[in-house]
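Commentary on secondary and tertiary structure
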Number of protein chains: 4
Amino acid sequence: MTDNWRKAAERLAATLRDDAAERDRRGAEPVGEVHLLRDSGLLTLLVPTELGGQGAGWLAANTATRVVAAADASIGHLLGYHYLQLWRTELFDRPELVDRVRRDTVAGRWFWAGVSNPLDADLRLAPANGGFRVDGRKSFATGASVADRLVVSATRTDTGEKLTFVVDAHADGVHPLGDWDNLGQRLTASGGIVFDGVHVPDEDVLGGQPADESAPGAVRLSLAAIAFQLMLSQVYVGTAEGALTEAAGYTRTRTRAWALSGVDSAVADPYVLAGYGELVARTRAAGALNDAAAAALGAAVDRGGDLTAAERGEAAVAISAAKVVATSVANEVTSTVFELVGARATANKHGFDRFWRNARTLTLHDPVAYKAREVGAHFLTGEHPAHTGYS
Amino acid sequence: MTDNWRKAAERLAATLRDDAAERDRRGAEPVGEVHLLRDSGLLTLLVPTELGGQGAGWLAANTATRVVAAADASIGHLLGYHYLQLWRTELFDRPELVDRVRRDTVAGRWFWAGVSNPLDADLRLAPANGGFRVDGRKSFATGASVADRLVVSATRTDTGEKLTFVVDAHADGVHPLGDWDNLGQRLTASGGIVFDGVHVPDEDVLGGQPADESAPGAVRLSLAAIAFQLMLSQVYVGTAEGALTEAAGYTRTRTRAWALSGVDSAVADPYVLAGYGELVARTRAAGALNDAAAAALGAAVDRGGDLTAAERGEAAVAISAAKVVATSVANEVTSTVFELVGARATANKHGFDRFWRNARTLTLHDPVAYKAREVGAHFLTGEHPAHTGYS
Amino acid sequence: MTDNWRKAAERLAATLRDDAAERDRRGAEPVGEVHLLRDSGLLTLLVPTELGGQGAGWLAANTATRVVAAADASIGHLLGYHYLQLWRTELFDRPELVDRVRRDTVAGRWFWAGVSNPLDADLRLAPANGGFRVDGRKSFATGASVADRLVVSATRTDTGEKLTFVVDAHADGVHPLGDWDNLGQRLTASGGIVFDGVHVPDEDVLGGQPADESAPGAVRLSLAAIAFQLMLSQVYVGTAEGALTEAAGYTRTRTRAWALSGVDSAVADPYVLAGYGELVARTRAAGALNDAAAAALGAAVDRGGDLTAAERGEAAVAISAAKVVATSVANEVTSTVFELVGARATANKHGFDRFWRNARTLTLHDPVAYKAREVGAHFLTGEHPAHTGYS
Amino acid sequence: MTDNWRKAAERLAATLRDDAAERDRRGAEPVGEVHLLRDSGLLTLLVPTELGGQGAGWLAANTATRVVAAADASIGHLLGYHYLQLWRTELFDRPELVDRVRRDTVAGRWFWAGVSNPLDADLRLAPANGGFRVDGRKSFATGASVADRLVVSATRTDTGEKLTFVVDAHADGVHPLGDWDNLGQRLTASGGIVFDGVHVPDEDVLGGQPADESAPGAVRLSLAAIAFQLMLSQVYVGTAEGALTEAAGYTRTRTRAWALSGVDSAVADPYVLAGYGELVARTRAAGALNDAAAAALGAAVDRGGDLTAAERGEAAVAISAAKVVATSVANEVTSTVFELVGARATANKHGFDRFWRNARTLTLHDPVAYKAREVGAHFLTGEHPAHTGYS
């Protein structure tokens, strides 16, 4: 499929778009959708060709996520997180484990998710039988209930060290709660999860969190947080793109010219035309800035172990800027398109509100004002964002 | 209850607010809510005291609508339309009929609705038995299915004259379709309605539409359309007010301070504080402009038969300006409050999205760009809006 | 002139509008303009009729300020400050002094200004000869160089008490610096001022600042700061109104229809029409909210010594909300009107930029984000703004 | 200098930034600035290396323009137009003339400008002495009075054909009017010009305008109009960048923390930080979209004679989208930065308003609503912009 990932993404998007409104209304666990992801071939996009993957790079993963998110923001979100979870195993110093999970991902058509909401109390890790026993509960474990493998972080109860490991999503003691019932991103299976005496062997442990930002490898490890931020931003842009595409289809075929407009077709109405133009232009700008941020992150990743804190900081700021713009665009576009389709498009059968619900929900992941603050602080003083779960 | 209408409105609002999210979720016909309206005493607000009403004026009806809409935009909408339908009977030259329906409204605790969507084909009126036979179908007959009496417009098939009349909402042949299934304003019973051989006696006919704007009484009759526009605008402002009230309750009691904020409570976060301030200020401005428009309309109404086209035009422009601002504020506020309550407030159990859904749906009633255009045309050239079903 | 103040304001506005662009370009001291103010009769608007004034109330002063500001924001600013300085003498407990200055204002056609920038170091007051000797320097003493009398605050070097007094603007030792050379409000004579051994007799002292907010009279005295805030906000709204009026005149008479617009006159261009409509509607909303704030302040003033801190707080919040909206509207309108007049209107001979320069300069008086914060804090927690020089 | 053009642009920008406010205030003809352009080596950026130029491509010219515009929007504008005028000679089928003017540009360090405002009446061309005689008057001939050579369009009085030619800016009969006295872009020498019997030999004629869009070469020739549009957009973005850079320098070193902010430095104020962040993020987005548009145009140019109308249309839409976003960003940023520097920064000695004046003036070049309309029409219906002087 080399080179063909874009077509694969577009094909999958077309399939998802067909019944996106209906699937959103049903709100079932995205089991079928994950099968579509497997069948699309996109799950192995970042796996090197010599291991059976597509060997594509970071930009491809970002683009594929956005293309899919435009059709179905939930599934784009799942795909983006899959890329991130599998990819971030590389940031630890366990090449053989990375190699193994990549090969197994190809062989088993694995779909990945993760468990790491930084705002909850940590999961607990107790040494046991050549490995660890994991206990505890986390909320917002996007995709975990439909995943094959999970990347999980937890804290050793004996040493206080925070470790990250991979674990079979169907292992004994892993209990997804199925309690995701929120406004948007309804098909992301973002409910909580309980770990009840789950066993993790030593060989599945990726490594620990560095003591501080100056520890060896710390800078590189810290890329995961900003890579997540960027992937969210790609889903925002995709959501805006999707809303515009769907709205345009409706305006073209169903919207009536306004009685007082003096034109005989909605696509000749000056306010409809300029209204689309404004939203399309702003969405393209958000997309272009996201592309630039993805290139900046890609360059940082490519620096490997030589990556400096300053270089990481520049990529972080580029991503924060992209997220600030994408947040604003996604929320504005998904609400304003209603003015371009008209009153009858509010019938629930059209399901137009899903774009706004998805954007509104996902853009609250972390408060955008603090992203703007990071960008401003950097511009004014050169300061780089602290390394946290959100920056 | 004279003087006490404000308290009555606030009492009703408190009752409605209690289970607004739940009732919205159920989406049942607003039968119970109409009973609450009857029990509140607010239905007779505009009926003169000598006929058993509250004898309050136009501003009171606008304010009561907004107060109720802040708690439940659907029920505020129903109440505002009730005021309008009963009130607009006065615009015709049938004082004894107006007198009768007012007395009966007091005696029978009638709730009024109307049938007149200007974008549908007209209902048909055929002379029959000292009156008329009505046939045809209309969409968007807000409140008709739960009303006692309707104000309806239809066109004589013999003369082509357009007549307006009152009719029992439970008369033989009146068939509400119950097909309202839209994004917002779910409790407004805004489905279609079929008239199948409904009989209307001559004494229930209010009168005809004037041939043109210069016919006697034409200017006064044309106030109905702009009074509707204003009532919509009041519901928009009420919706924004309601969203802010509910969001503030959540922020105060449930929103956690953001991890990177350096403050220990959401109500101390600088961005949350200024965020509310911006939205509250804009909502107050929309409310103040609506108040000014209501005063302008009240003054036009008080001019009775002396009302000139120019005076009517100034009121129309005042209302259009208010609607332009209220539209923007309602959509912005109801979406942006999510940034002030945070991610967990997107759980469906909170039902926060109903404010946006209500605003987004109702503000599409007619395209706001054409309202802005009216205001601009008047400012530039002194031109007054044409008399139409929307202006 | 009773009842005729509005006509007087409009007459003055017409006079000022005639050569506003040219006077702004010259940037001379507003000596002639202060003569126009004197001749207009507007300077005695708030003085009781029994003392020879117009006996008008607070709303009239606000409206007159706005009407004049629409023609010339500098002169509106001077007029508003004149009202405030003369009026705030009443807030102190010196009825005979208040009486005296009012009579003298009528007799001498006095124009008032003040010296009290809270961000500078205080002027120094040393007891001397049955009064005080004043020394020191203040910046931003709007209007002082063209005033007859000044209201000044300074701090006693012996007791540390802060006193407010009236002083002849032409007294020995009063030296305006004439150093106002800023972007906008060029005709406000807002340069610095030096007091070099100026003598103030005891009988011209209005009183001291209360020790804290709970001291007797403290609440009432604290109205001055918010009255200033409101007057600024009135000038903002007036500036937006003036920009729209001038732009509309240009669009009507000089703007060419755009080559690709398909219409033959700029006033038929759909984007021009809706563009004006949006700006006019927003400006009207800002005006309506300012009117409501002026009514709230008027009510607080009318409470006299019974005014509670909570009542003062509500008026303060109403004013802050008005200022938030007016700030945004003034800056947006004065910049966006350029899109409605077109490229050729940027010729300097038209002087269109003065509206933006005036708005941009004056709205920086104190940072608007902190006004939004006050409104938000009150909405969330009921907290009232602290009593400061800006709130 | 190959590869070093970016350093050259930054060096020139640094020089220009030093006294930009002062030069703007003086408003002299940009004679010295054109000398700086010559000395910078940037004038030959697009000339192939084998002819003595830098051999850089389209993106380099765009970037150099933006970098210089950030320091001085007038000079960036002159440089961008220089690139366009010289470059667009290639769009005609006169390779030997193109070759000659490129060589002479290197040898003579020529600075180019043009005369072609589409809204004026055409210049008149009459055949004379193996060439033509040019007569007439044009407004807005940016840079012509300080140029060495001009690209000019005029219409043959005998055949009605519109021809484009190059002419010595100092030829007999060329009279710049020096009448540019507008709000912004003061150093662009954008006054009118009179041609009074100017002789143009046949060998300096580039060619005619094609009869319609389907004529051979017509699509390629039509790239000039959109390349101008893009260059304007680059200057807009540069202006926003420049305003932010200058504002940040002021905030860092001079802005005082607000009295009520609770922080001790303006760069710690949460509203200042997020305020910069918002503006910086939006400016970066506009820049990224401009980069994408420049790449799209570059690709269209590289297609040479194979360029299709559809390909040209996609580039045109990309440029229109970029211009819509850049227009909004430039006007907003240059006005809003004042809130981040504070009241004292309005002193005229700082000259901060020049950024807004430049943005406000140049973004009126043609009405942005019609650019939004183009983007919307394309998105809705696939329609490509008509080939005009502005699209």
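Residues numbered from 1 in each chain as written. Chains lettered and ligands numbered in written order. Predicted model: local features only at pLDDT ≥ 70, side-chain atom pairs only at ≥ 80, totals over all residues. Heavy atoms only, no water.

A few points about the interface of chain B and chain A
Selection rule: We call two residues contacting when some pair of their heavy atoms lies within 4.5 Å. Throughout, the accessible surface (probe 1.4 Å) given up by two parts as they are put together, summed over both, is called the buried area. By convention in these notes, a salt bridge is any Lys or Arg side-chain nitrogen within 4 Å of a carboxyl oxygen on Asp or Glu. We define a polar contact as two N or O atoms separated by no more than 3.5 Å, with the added condition that, inside protein, one atom must be a possible hydrogen donor and the other a possible acceptor, whereas residues neighbouring each other in sequence contribute only through side-chain atom pairs. Helix numbering and strand numbering both begin at the N terminus, where a helix is a DSSP run of H or I of at least 4 residues and a strand a DSSP run of E of at least 2. As a working rule, the residues Ala, Val, Leu, Ile, Met, Phe, Trp, Tyr, Cys and Pro are called nonpolar, Asp, Glu, Lys and Arg charged, and the rest polar, with Gly in that last group.
If you look at the interface, chain B gives 40 residues, while chain A gives 41 residues. Buried surface at the junction of chain B and chain A, summed over both partners, amounts to about 3700 Å²; 62% is from carbon and sulfur atoms. Three residues stand out in chain B for area buried against chain A, namely Trp258, Leu364 and Tyr370 of chain B, and they jointly supply 19% of the buried area on that side. Taken together, the connections running from chain B to chain A amount to 4 salt bridges. Across the contact surface, chain B and chain A share 18 residue pairs in polar contact (both at pLDDT 80 or more). Residue assignment for the side of chain B that touches chain A shows that the elements contributing at least two residues are α9 (270-302), α10 (309-336), α11 (338-341), α12 (353-362) and α13 (368-381) of chain B. Here the residues of the side of chain B that touches chain A sort into 18 nonpolar, 12 polar and 10 charged.

Some words on the relation of the copies chain B and chain C
Formally: Least squares is used to superpose the copies, and the fit set is the C-alpha atoms of residues whose pLDDT is at least 70 in both copies.
When chain B is fitted onto chain C, the two copies agree to an RMSD of 0.0 Å after a turn of 180° and an axial shift of 0.0 Å. The operation mapping one copy onto its partner corresponds to a two-fold rotation axis.

Concerning the packing of helix α8 (residues 223-253) of chain C against helix α9 (residues 270-302) of chain C
All names here are of chain C. Under the convention used in this document: Here an angle of 0 to 180 degrees is reported between the N-to-C directions of two axes, which are lines fitted to C-alpha atoms, with helices fitted over the stretch in contact. Any angle between 65 and 115 degrees counts as roughly perpendicular, while under 35 counts as roughly parallel, over 145 as roughly antiparallel, and the rest as oblique. Less than a right angle of anticlockwise turn of the near helix away from the far helix marks a crossing as left-handed, whereas a clockwise turn marks it as right-handed.
Contact geometry for α8 and α9: axes closest at 10 Å, N-to-C directions at 155°. One finds that α8 runs roughly antiparallel with respect to α9. Between α8 and α9 lies a crossing whose hand is left-handed. Within the contact of α8 with α9, the residues separate by chemical class into 19 nonpolar, 6 polar and 1 charged.

Notes on the interface of chain B and chain C
Facing the 35 residues of chain B at the interface are 35 residues of chain C. Surface buried jointly by chain B and chain C totals about 2800 Å² across both partners, of which 78% is contributed by carbon and sulfur atoms. The tally of links between chain B and chain C comes to 0 salt bridges. Counting residues per element, the ones that place at least two in the side of chain B that touches chain C are α8 (223-253), α9, α10 and α13 of chain B. Per-element tally for the side of chain B that touches chain C: the top contributor is α9 of chain B, with 14 residues. The class makeup of the residues in the side of chain B that touches chain C is 25 nonpolar, 5 polar and 5 charged.

Examining the domain arrangement of chain A
Residues and elements named next belong to chain A. Filter applied, for reference: Reported domain spans reflect what an automatic or database domain assignment gives.
Taken domain by domain, chain A comprises domain 1 (4-111), domain 2 (113-208) and domain 3 (218-381). With 25 residues of domain 1 at the interface, the matching set in domain 3 holds 34 residues. Taken together, both faces of the contact between domain 1 and domain 3 bury some 2500 Å²; the carbon and sulfur share is 65%. Counting across the domain 1 and domain 3 interface gives 3 salt bridges.

Remarks on α9 of chain C
Residues and elements named next belong to chain C. As a reminder, the rule being used: Every helix has an expected span of 1.5 Å times one less than the residues it contains. Relative accessible area decides the class of each residue, using a 1.4 Å probe on protein chains only: under 20% of the type maximum gives buried, over 50% gives exposed, and in between gives partly exposed.
The end-to-end C-alpha distance of α9 is 47 Å, a good match for the 48 Å that 33 residues give at a rise of 1.5 Å each. Here α9 lies mainly inside the structure; 24 of its 33 residues are buried. For α9, the N-terminal cap is Asp269; the gap from its side-chain oxygen to the backbone nitrogen of Tyr271 is 2.7 Å. The positive-phi residue at the C-terminal boundary of α9 is Gly304, with phi of around 55°.

Side note on the relation of the copies chain B and chain A
Turning chain B through 180° and shifting it by 0.0 Å along the axis lays it on chain A, with an RMSD of 0.0 Å. Same-surface contact between copies: 100% of interface residues of chain B are shared with the interface of chain A.

Topic: the confidence of the model for chain A
Test applied: pLDDT is defined as a per-residue confidence score from the predictor, taking values between 0 and 100.
Of the residues in chain A, 99% have a pLDDT of 70 or more, and the chain-wide mean is 96. Predicted complex metrics record ipTM = 0.97 and pTM = 0.97.

Notes on the environment of Gly192 of chain B
Residue and element names in this part refer to chain B. With respect to the helices and strands, the residue Gly192 is situated in the loop between β6 (174-176) and β7 (193-201). A relative accessible area of 8% means that Gly192 is categorised as buried. Counting along the chain gives 48 residues from Gly192 to Ala144, while the straight-line C-alpha distance between them is 8.7 Å. Setting aside its immediate chain neighbours within four residues, Gly192 contacts Lys138, Ser139, Phe140, Pro176, Leu177, Gly178 and Asp179.

Notes on the packing of helix α10 (residues 309-341) of chain C against helix α11 (residues 353-362) of chain C
Residue and element names in this part refer to chain C. Two elements in contact, α10 and α11, have axes separated by 8 Å at closest approach and are oriented at 160°. When the axes of α10 and α11 are compared, the pair comes out roughly antiparallel. Between α10 and α11 the crossing geometry is left-handed. Across the interface between the two elements, Ala330, Asn331, Thr334, Ser335 and Phe338 from α10 touch Asp353, Phe355, Trp356, Ala359 and Arg360 from α11. Of the residues assigned to the contact of α10 with α11, the class counts are 5 nonpolar, 3 polar and 2 charged.

A short note on the side chain of Thr142 of chain D
Residue and element names in this part refer to chain D. Along the polypeptide, Thr142 turns up in the loop between β3 (131-138) and β4 (149-156). For Thr142, a relative accessible area of 9% translates into the label buried. Within the structure, the side chain of Thr142 is placed 2.7 Å from the side chain of Ser190, a separation counted as a polar contact. Sequence-distant contacts of Thr142, that is, excluding residues within four places in its chain, are made with His77, Leu78, Tyr81, Ala113, Gly114, Thr188, Ala189 and Ser190.

Examining the packing of aromatic side chains
Residues and elements named next belong to chain A. Let me state the cut-off plainly: Note on aromatic pairs: the rings of Phe, Tyr and Trp (six-membered ring only in Trp) are paired at centre separations within 6.5 Å, and the planes decide the class, stacked below 30 degrees, edge-to-face beyond 60, tilted for the rest.
Scanning the entire structure with this criterion turns up 44 aromatic pairs over all chains. Ring plane angle 80° and centroid distance 6.0 Å describe the contact between Phe140 and Trp180, whose orientation is recorded as edge-to-face. In this pair, Phe140 sits in the loop between β3 (131-138) and β4 (149-156) while Trp180 sits in the loop between β6 (174-176) and β7 (193-201), placing the two residues 40 residues apart along the sequence. On the basis of relative accessible area, Phe140 is assigned to the partly exposed category, the value being 31%. We classify Trp180 as buried; its relative accessible area is 18%.

Describing the pairing of β4 of chain A
Residue and element names in this part refer to chain A. Which entries qualify depends on this criterion: Strand pairing follows a simple DSSP-based rule, namely that at least 2 bridges must link the two strands.
A large share of β4 lies buried, amounting to 8 of its 8 residues. Sheet topology places strand β1 (residues 112-115) next to β4; 4 bridges connect them, and they run parallel. Pairing of Gly114 across the sheet is with Val151, part of β4. Of the pairings in the sheet, the one linking strand β2 (residues 123-127) to β4 comprises 3 bridges and is parallel in character. Residue pairing across strands places Leu125 opposite Arg156, the latter belonging to β4. Note that β4 and strand β5 (residues 162-168) share 7 bridges and pair antiparallel.

A look at the pairing of β3 of chain A
All names here are of chain A. With 6 of 8 residues buried, β3 lies mostly within the body of the structure. Pairing analysis gives 4 bridges linking β2 to β3, with the strands arranged antiparallel. By the bridge assignment for β3, Leu125 is matched with Val134. The hairpin turn running from β2 into β3, its antiparallel successor, is 3 residues long, and Asn129 in that turn takes a positive phi close to 50°. Where β3 lies against β7, 8 bridges are found, and the strand directions are antiparallel.

Some thoughts on unusual backbone geometry
Residues and elements named next belong to chain C. If you check the backbone angles, Phe140 has positive phi at about 55° while not being a glycine. Non-glycine residue Gln185 carries a positive phi angle of around 50°. Among the secondary structure elements, Gln185 is positioned in the loop between β6 (174-176) and β7 (193-201).

Remarks on the environment of Glu332 of chain C
Residue and element names in this part refer to chain C. Along the chain, Glu332 falls in helix α10. We classify Glu332 as partly exposed; its relative accessible area is 29%. In this structure the C-alpha to C-alpha distance between Glu332 and Ala359, which are 27 residues apart in sequence, comes to 9.3 Å. The residues contacting Glu332, other than those within four sequence positions of it, are Leu279 and Arg282.

Let's talk about the pattern of salt bridges
All told, the structure shown has 100 salt bridges over all chains when counted by the stated rule. Between Asp148 of chain A and Arg38 of chain A there is a salt bridge, with its nearest N and O atoms 2.5 Å apart. In this pair, Asp148 of chain A sits in the loop between β3 and β4 while Arg38 of chain A sits in helix α3 (residues 31-40), placing the two residues 110 residues apart along the sequence. A single burial state applies to Asp148 of chain A and to Arg38 of chain A, both of which are buried. A salt bridge links Asp291 of chain C to Arg66 of chain C; its shortest N-O distance comes to 3.2 Å. Here Asp291 of chain C is found in helix α9, whereas its partner Arg66 of chain C is found in helix α4 (residues 58-71), with 225 residues between them in sequence. Assessed through its relative accessible area of 12%, Arg66 of chain C is described here as buried. Among the charged side chains, a network of salt bridges with common partners joins Asp19, Arg23, Glu33 and Asp72 of chain A.

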